[in-house]
Structures are given as C-alpha cells and as structure tokens.
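Next come the chains, spelled out residue by residue.
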Amino acid sequence: MKLNKKFLLSGLAISAVMLLVSCGNAGYKVTPSGVKYSIFSKGSGKSIKPGDWIKVHFSAKIGDSSLISTYTHIPAYGQYDTTMKNTHDFIDFLGELKIGDSVVFLRSVDTLQKRGYLQYNDVFKAGGIINGAITILGIYPNQQAVMEDQQKETELEKQREVVALEQYLKDQKVEGLIKTKNGIFIKMEKQGDGPKVDTGSTVIVNYTGTLKNGSKFDSNLDSAFGHVEPLNFVVGAGGVIPGWDEAALYFNKGGKGKVYIPAMLGYGGNGSGDKIPPFSDLVFDMEVIDVKAPTVAPATAPPAPVNPHAGH
C-alpha cells in the first residue's frame, strides 16, 4: 500500500477544516505543485522518513460539502512513497512533518483536473478549492506493526459503533430488541415456525435496505433496483456482509424482522457506491422465505496404502 492520491481519496475533519477557514491564507507555504499549506500544533515526536509507515487522520471539504473524514472513525494508514511527490496533495510536504503535527492545506480543482486526477462535475467545479487537513498520529517500522495497530483501531471502532447504534435505537424508542454477540440489533416481527437457520444453511430472503435516515439503497421487492428475485446465500460463507451472516442465525423459515447493522459489520469505511457513504449503519427489513439444510459432502475412503514390497 502506497500513500498516494488514491490513499487520500479513500479515507479523507470538519473541525480541522473549520480551523483552516478561520486562519485564512496567512503564513501559508506553497509546494512546487501549487498546494498551499500551513503546519500548526508542531509535534515533538519522530520525523517521517521515506519508506516509513504512518498513521494519520485526514479530511477534505469543498464549499459546504464534506468529501470524507477519518477524524471520528478509524485512522488511515499508508507508506510514505517519495516517488509520488509533486502530485498536488499532502504527500508534497509530508517529509516536513513529525508525530503530533497537524496541517491544513488547499488543493486546486483545476490543477487536479488538468493532471487527470478528477473530472469537473457538480461537486468539483472549475475554480474550486479543496480544503484539507491532516494529523500525524504514529510512525511504524513495517507493515506488520501497521496491521497490528489497525486491528486494535478496528476493534475500537466496532465498540464505538455498537454503543452509538444502541443509543440511537433508545432515542428512537425502538423496544423489544435482540442484541447479537457482535452488536447487531434485531426487531423480530415474526420468528417463523420452519427450520432454524444454521451455519452452512442456504437461506432465501426478500429484503429492503435503508440508511438510518430512511434513504433506500437496495431492495429485491422494488423493481427500480433491477432485481426482484429472492436472494440466496450460504450462511457463514462470506458471500454477504458480515452483519447478514450473523443476523440470519436468529431467524427460522417464515421469519420476518428489522435488522440494524453497525457500519463495520456492513460496508465499513469504504461504503458502497453512491448510496452507502463510508461508516454507514444499515437497516434491513428481512423476510426468510426458505431455509435449506447444510449440504454435507459424502465421505470418501482414503486411498489404500502402497506396499513397496508388493510383487517382490
């Protein structure tokens, strides 16, 4: 994984961007590619060197639209690749930073468009300026150390999401909920009296998925989404989001309910397409139409041992 423009757009804080607005352009440096930047809250930790693996929070905003932010979620990780310099993003000045430093910076939409990094549209308009912010949280010697730290941050994010989702449901006065081991919440409307779903079962379901604000992102009951056939999946096989694999185990054939899934058991920090932003909790109306028992492969006899003395 390299720290490049793809890294930037994959995990871009409103609070830091507001600080950017308040301090204007005074005292800004300018990189050869034209990025304006200002370092503040100077850190006292280790300096970033080429090849270092780093942990950061960062964000981007254009006008009143927040593009993306990690500041309230999992930090981003990447390797400082000096061959990516002069790309009109924060990599241009990354080598000046230490652990604890924060930076606000300005990127030109026109420059990015000319370099082929984006195209003009309703968000990225000619003459537009992207307001960015980055904070250096840590430096690691190798990818293994990064993976270990990332796993810790992932677990913390899961815990935060479950607490927040539980509070949301309490505020919405949703009662009679089943809470699963990993923090999925199910409002069972009908348990169903057919076979119970088990790991390895093939489950056939009808569903409608929405965000917490009610925005519908998928359904096999709505022809607008282009697929009205029931969905088949094998529970525990990883063919669906983790939240479905876990929630399905609480249903029987004929069961129906509303399932609330924390983001990290859905599409996590990546989101999905234009309809599911990063770190979105998901709500599904699910009905289990059928449950087929796990298929057990027939046992095969082991091959007969070879007698090296046969025929002698």
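Nothing here was measured: the structure is a model prediction, and the numbers come from that model.

Reading the values: the criteria
- Residues numbered from 1 in each chain as written.
- Predicted model: local features only at pLDDT ≥ 70, side-chain atom pairs only at ≥ 80, totals over all residues.
- Heavy atoms only, no water.
- Helix = DSSP H or I, 4+ residues; strand = E, 2+ residues; numbered from the N terminus.
- Buried < 20%, exposed > 50% of the residue type's maximum accessible area, 1.4 Å probe, protein only.
- Areas by Shrake-Rupley, 256 points an atom, 1.4 Å probe, with all protein chains shown as cover.
- Phe/Tyr/Trp six-rings, centres within 6.5 Å; stacked < 30°, edge-to-face > 60°.
- Expected span 1.5 Å × (residues − 1).
- Contact = heavy atoms within 4.5 Å.
- Polar contact = N/O pair within 3.5 Å; in protein donor to acceptor, adjacent residues only side chain to side chain.
- pLDDT = per-residue confidence, 0-100.
- Pairing = 2+ DSSP bridges.
- Salt bridge = Lys/Arg side-chain N within 4 Å of Asp/Glu carboxyl O.

Take the overall build of the protein next. Within the protein, the secondary structure is distributed over five helices and 14 strands. Residues classed as buried in the protein amount to 45% of the 312 residues present. In the structure as shown, the protein presents an accessible area of about 16,400 Å², 53% of it carried by carbon and sulfur atoms.

Here the focus is the packing of aromatic side chains. One pass over the structure, following the stated rule, counts nine aromatic pairs. Measuring from ring centre to ring centre gives 6.2 Å for Phe90 and Phe105, while their planes differ by 70°; the resulting arrangement is edge-to-face. One end of the pair, Phe90, is in the loop between β5 (76-79) and β6 (102-108); the other, Phe105, is in strand β6, and 15 residues separate them in sequence. Pair check on accessibility: Phe90 and Phe105 agree, each one buried. Note on Tyr207 and Trp244: the rings are 5.1 Å apart at their centroids and 80° apart in plane angle, and the pair reads as edge-to-face.

Every α-helix carries 3.6 residues per turn, so stepping three or four residues along brings you back to the same face. For helix α4 (residues 143-171), built from 29 residues, the straight-helix expectation of 42 Å at 1.5 Å per residue is met to within 8% by its first-to-last C-alpha distance of 41 Å. Residues of α4 that are buried include every one of Ala145, Val146, Asp149, Glu153, Thr154, Glu157, Glu161, Val162, Leu165 and Leu169, and no others. For α4, the secondary structure elements touched by its buried residues are β3 (53-62), β5, β7 (129-140), β8 (178-179), β9 (185-190) and β13 (256-261). Between a side-chain oxygen at the N-terminus of α4 and the backbone nitrogen of Gln144 the separation is 3.2 Å; the capping residue is Asn142.

Relative to the helices and strands, Lys216 resides in strand β11 (residues 216-219). Judged by its relative accessible area of 35%, Lys216 is partly exposed. Considering only alpha carbons, one finds Lys216 and Val283, 67 residues apart in sequence, at a separation of 9.4 Å. Filtering out sequence-adjacent residues up to four positions away, Lys216 remains in contact with Thr208, Gly209, Thr210, Asp222, Phe225 and Lys275. Within the local environment of Lys216, its side chain forms a polar contact with the side chain of Asp222, the two groups lying 3.1 Å apart.

What follows concerns the confidence of the model for the protein. Close reading of the predicted structure is inappropriate where its pLDDT is low. In this model, the protein carries a mean pLDDT of 87, and residues with pLDDT of at least 70 account for 86%. For the stretch residues 1-24, pLDDT sits under 50, and the model shows 67 contacts to residues farther than four places along the chain or on other chains. Counting interchain partners and residues more than four positions distant, the pLDDT-below-50 stretch residues 301-312 has zero contacts.

For β3, the tally of buried residues reaches 10 of 10 residues, placing the bulk of the element in the interior. Of the two faces of β3, the one carrying Trp53, Lys55, His57, Ser59 and Lys61 and the one carrying Ile54, Val56, Phe58, Ala60 and Ile62 are both buried. In this sheet, β5 lies alongside β3 in antiparallel orientation, the contact comprising four bridges. Each residue of the ladder has a partner; that of Trp53, found in β5, is Gln79. Sheet topology places β3 next to β7; 10 bridges connect them, and they run antiparallel. Note that in β7 the partner of Lys61 across the bridge is Asn131. Sheet topology places β3 next to strand β4 (residues 65-69); four bridges connect them, and they run antiparallel. In the strand pairing of β4, Ile62 is matched with Ser65. Connecting the antiparallel pair β3 and β4 is a turn made up of two residues, with Gly63 showing a positive phi of about 60°.

Next up on the list: the pattern of salt bridges. Under the counting rule described, the total for this entry stands at 10 salt bridges. A salt bridge links Glu153 to Lys55; its shortest N-O distance comes to 2.7 Å. Taken together, the residues span a long stretch of sequence, with Glu153 in helix α4 and Lys55 in strand β3 at a distance of 98 residues. Take Glu153 and Lys55: they sit in the same class, and that class is buried. For Glu166, the salt bridge identified is with Lys179, shortest N-O distance 3.4 Å. Residue Glu166 is located in helix α4, and its partner Lys179 is located in strand β8; the two are separated by 13 residues in the primary sequence. On the basis of relative accessible area, Glu166 is assigned to the partly exposed category, the value being 38%. For Lys179, a relative accessible area of 45% translates into the label partly exposed. Overlapping salt bridges, with partners in common, bring together Lys55, Asp149 and Glu153 in one network.

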